[in-house]
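Single-letter residue listing:
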Amino acid sequence: MKPVALATRIEVAQGQALVYAEGDVDLESSAALRQALSTALASSDSVTVDVADVGFIDSSGLSVLVWGHGRAQESGGSLRLRRPSPMLRRLLEITSLDSVLAIADSEDHDRAASES
Amino acid sequence: MPVDTKGILLVQRSDAPGARLRTALSRQPELEVIDEVPDTRTAVETARRVQPDVVVMNVGLSDVAGNGVLGSLREVAPGARVVLHAHAARSDGPGSRYWTGRLVDVVVDSARSPVFEARLELPDEPRSVPLARGLLGELLGQWELDEFVASASLLLTELVANAVRHVPGPCAVELTHSGGVLRVAVVDTGPGMPDLQVLGASRIGGRGLHIVTSLSTSWGVDHLEDGCKAVWAELDSAAQGAVVA
């Protein structure tokens, strides 16, 4: 498991923002994830983060997700995760964040995109 | 050389910290420094020739991670144990006396017992976190302990991140595998102690030690000489089946 630099991509469709994250999220890279969420939150209060290609995430990454969720909630929205790895699901359970960060149906955004 | 003396190959710069380490190792009755080389390429050639018991390598001197030196050493000298360190980073300052002594201990232990050991010193910068994780992955692969990678990467990342965030000055990662137990430890010179936070849905941080608690079989803090402490976590190979990568 070699460390992989984090890359992010943001798509906005029908008022919903989808952030694709790819790589490792840790103390070094969590600021970049936070920046991506901040950008997404500027265009929508409904943000989905696709984490299928996040090979590693630690507590600093979870903190950024919680921060993003809080920001979205302030404007009546929410932040959801899409396609979390089994390890990330386990981390969400360990930290009791499974009741805070909802897991999105992976079809949601695709449907929204195809209807647009 | 007496039968019970272990041969050391030093891979390091010929500077003052290098000389200090060489002297400290030479004082050990059971160790003999059989050669000293300044770079990893020469290290592989020399290891092939002298077949050392232990290779003590300063990873600060060149691009050790990424050039496959660990794999090459294993090929040319399969019996040699490798102890990695970046001793030059701590030639002076708080903890330096402990640091040299501890490194010598690690080399002595490594020469004495069938234990995999590695030690790496890192600066207090965020990039140390992926660096430590990368080295862990490389070593666990080399030690054929892939079942530990997912959990150990998280444990080490959390411990190194704590040291980088809360303690000024370098920290050191120590990895030991013995009797089916992998121990990851991070040594720093900070007086503060790890503090478990109450988990809260709206809290931004404070989850690292909960992750360490849940994924490790045990963890704790050792008080060391010269103002140093080690925060460590252990993983049992029998428990690794429960963790999904």
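Refer to the structure printed above.
Figured I'd write up the structure that's included with this text. Note that the coordinates shown come from a computational prediction; the quantities given were computed from them, not determined experimentally. Position numbers for residues count from 1 along each chain, tracking the sequence in the order it is written. For this description, chains carry letters from A and ligands carry numbers from 1, given in the order in which they are written. Note on the predicted model: pLDDT of at least 70 is required for a residue's local features to be given, and 80 or more for side-chain atom pairs to be given and counted; whole-chain, interface and lining totals, by contrast, use all residues. To obtain the side-chain values, all non-hydrogen atoms of the structure were included, while hydrogens and water were left out.

Moving on, we come to the pattern of salt bridges. Here, a salt bridge means any side-chain nitrogen of Lys or Arg that lies within 4 Å of a carboxyl oxygen of Asp or Glu. According to the stated counting rule, one finds 15 salt bridges over all chains in the structure shown. Of the charged contacts in the structure, one is a salt bridge between Glu11 of chain A and Arg9 of chain A, with a shortest N-O distance of 3.0 Å. Three exposure classes are used, based on accessible area relative to the maximum for each residue type with a 1.4 Å probe and protein chains only: buried under 20%, partly exposed in between, and exposed over 50%. What makes Glu11 of chain A partly exposed here is its relative accessible area of 31%. In this structure, the salt-bridge partner of Arg119 of chain B is Glu121 of chain B, at a minimum N-O distance of 3.7 Å. Each of the two residues, Arg119 of chain B as well as Glu121 of chain B, counts as buried.

Take the environment of Val212 of chain B next. All names here are of chain B. Considering the arrangement of structural elements, one finds Val212 in helix H7 (residues 208-215). Given a relative accessible area of 0%, Val212 falls into the buried group. Sequence spacing of Val212 and Leu159 is 53 residues, and the spatial spacing of their C-alpha atoms is 8.3 Å. Not counting the four nearest positions on each side in its chain, Val212 is found in contact with Leu155, Glu158, Leu159, Trp219 and Ala233. Helical segments are the DSSP runs of H or I of at least four residues, strand segments are the runs of E of at least two, and each set is numbered from the N terminus. Here, two residues are considered to be in contact whenever any of their heavy atoms come within 4.5 Å of each other.

Okay, the sheet that holds strand S1 (residues 6-11) of chain B next. Whenever strands of a sheet pair, they do so through backbone hydrogen bonds, lying parallel or antiparallel. Residues and elements named next belong to chain B. DSSP bridges decide pairing: two strands pair if at least two such bridges lie between them. With parallel pairing, 4 strands are arranged side by side in an open sheet as S2-S1-S3-S4. Where the open sheet ends on each side, the last strands, each with one partner, are strand S2 (31-37) and strand S4 (81-85). Averaged over neighbouring strand pairs, the angle between their axes works out to 20 degrees when direction is ignored. Here strand S3 (residues 54-58) runs beside S4; their pairing, made up of 5 bridges, is parallel. By the bridge assignment, Met57 is partnered in S4 with Leu84. Note on geometry: axes are lines fitted to C-alpha atoms, helical ones only across the stretch in contact, with angles between N-to-C directions running from 0 to 180 degrees. Its contacts with the sheet place helix H1 (residues 16-26) against S1, S2, S3 and S4, and it is angled at close to 155 degrees to S2.

Residue and element names in this part refer to chain A. If you walk across this open sheet you meet the 5 strands as S1-S2-S3-S4-S5, and the pairing is mixed. Taken across any chain shown, the strands that pair with only one partner, and hence form the sheet edges, are strand S1 (7-13) and strand S5 (102-103). When strand S3 (residues 46-57) meets strand S4 (residues 78-82), the two strands line up parallel, connected through 5 bridges. Within S4, the residue paired with Val49 across the bridge is Leu81. The sheet strands contacting helix H1 (residues 30-43) are S1, strand S2 (16-25), S3 and S4, and the helix crosses S2 at an angle near 175 degrees. Against the sheet, helix H2 (residues 59-74) engages S2, S3 and S4, with an angle of about 140 degrees to S4.

The analysis is restricted to geometry; functional conclusions fall outside its scope.
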